Amino acid sequence: MSDPAFNPHLHAHLNALLSASGFPFKYADLCRKYSKSSEIDVDPKLDFKKLYDIFKKNDPTAKQFKRWRMIEFGSEEIGGWVWTGSLVVKKYDILDPMLDSVRVDRTEGIGSVWIGLARDANKLLPEDQRLPEMAMVRPEYDGTMECMERMVPDLIALFSEMKEIIRHGWSNQP
């Protein structure tokens, strides 16, 4: 079966739901909480196996895809779509949380990295309520697995909030 076709109309609906729920602020708070306070002398190399173990401890359904250095978590069917969170580790330590969703019949899909969703949802806010563009960054790994012990539950919790937003607003899709 071919890849699902991206549906820009429903992706815009997702962005509107996230905007109305305050997701840009929640995402910016997560990134503020996990920002490097000082430069590390050497580039840290995140231990992917340990990271996966942390995810499994917090979400037994988590799956790893070593080839893409990605861990999927929190997959759930809502409104005829399967919603999945993931964390992609780029290079050695660049963290990119993502949301992916496909119709159950795999004909259509939507989703993006959380930074992109936060930026797009932020643009939908009234101008006087928008966060500055510089608030939309990625959460950062500080070189210690203790950081990931703290961050993984927060990623899972924020994705759970996103699914709750979707659960209540997706049935109202245009």
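Here the structure is shown first, and the text comes after it.
Starting afresh in each chain, residues are numbered from 1 along the sequence in its written order. Per-residue local features are limited, in this predicted model, to residues with pLDDT of at least 70; the limit for side-chain atom pairs, both in listing and counting, is 80 or more; totals at the level of whole chains, interfaces and linings are taken over all residues. With hydrogens and water set aside, each side-chain value is computed from the structure's full complement of heavy atoms.

Observations regarding helix H3 (residues 48-58)
Then step 1. Remark: exposure states derive from per-residue accessible area (1.4 Å probe, protein chains only) relative to the maximum for the residue type, with buried under 20%, exposed over 50%, and partly exposed in between. By definition, any uninterrupted DSSP run of H or I lasting at least four residues is a helix, any uninterrupted run of E lasting at least two residues is a strand, and each is numbered from the N terminus. Buried within H3 are the following residues: Phe48, Leu51, Tyr52, Ile54 and Phe55. All buried residues of H3 project into a common sector of 155° when viewed along the axis, lining one side. Across from the buried face of H3, at angles greater than 90 degrees, the exposed residues are Lys49 and Lys57.
Then step 2. Contacts: residue pairs with any heavy atoms within 4.5 Å of one another. Lining the buried residues of H3 we find strand E2 (63-65), strand E3 (70-78), strand E4 (81-90) and helix H5 (145-169).
Then step 3. If you check the start of H3, you find a side-chain oxygen 3.1 Å away from the backbone N of Lys49, and it comes from Asp47. Our arc is simply the arc of the directions from the helix axis toward the C-beta atoms. Pairing of N or O atoms within 3.5 Å defines a polar contact, subject to two protein rules: one partner must be a possible hydrogen donor and the other a possible acceptor, and residues neighboring in sequence count only if both atoms are side-chain atoms.

A short note on the nonpolar core
Then step 1. Within the largest apolar cluster, 49 residues are counted, with the highest numbers of intra-cluster contacts made by Leu51, Phe55, Trp83, Trp114 and Met148.
Then step 2. Those elements that place two or more of their residues in this core are helix H1 (8-20), helix H2 (23-33), H3, E3, E4, strand E5 (94-103), helix H4 (114-123) and H5.
Then step 3. It is H5 that contributes the most residues to this core, 12 residues altogether. In these notes, a set of buried Ala, Val, Leu, Ile, Met, Phe, Trp, Tyr and Cys residues joined through side-chain atoms within 4.5 Å is what counts as a nonpolar core.

Topic: the packing of aromatic side chains
Then step 1. Any pair of Phe, Tyr and Trp rings, taking the six-membered ring for Trp, is counted once the centres come within 6.5 Å. Such a pair is stacked with planes under 30 degrees apart, edge-to-face with planes over 60 apart, and tilted for the rest. Counted according to the given criterion, the structure contains eight aromatic pairs.
Then step 2. Ring centres of Trp81 and Trp83 lie 6.3 Å apart, and the angle between their planes is 35°; on these two criteria the pair is classed as tilted.
Then step 3. Between Trp114 and Phe159 the ring centres are 6.5 Å apart and the planes differ by 15°, which places this aromatic pair in the stacked class. Of this pair, Trp114 sits in helix H4 while Phe159 sits in helix H5, and the two are 45 residues apart along the sequence.
Then step 4. The buried category is assigned to Trp114, whose relative accessible area is 0%.

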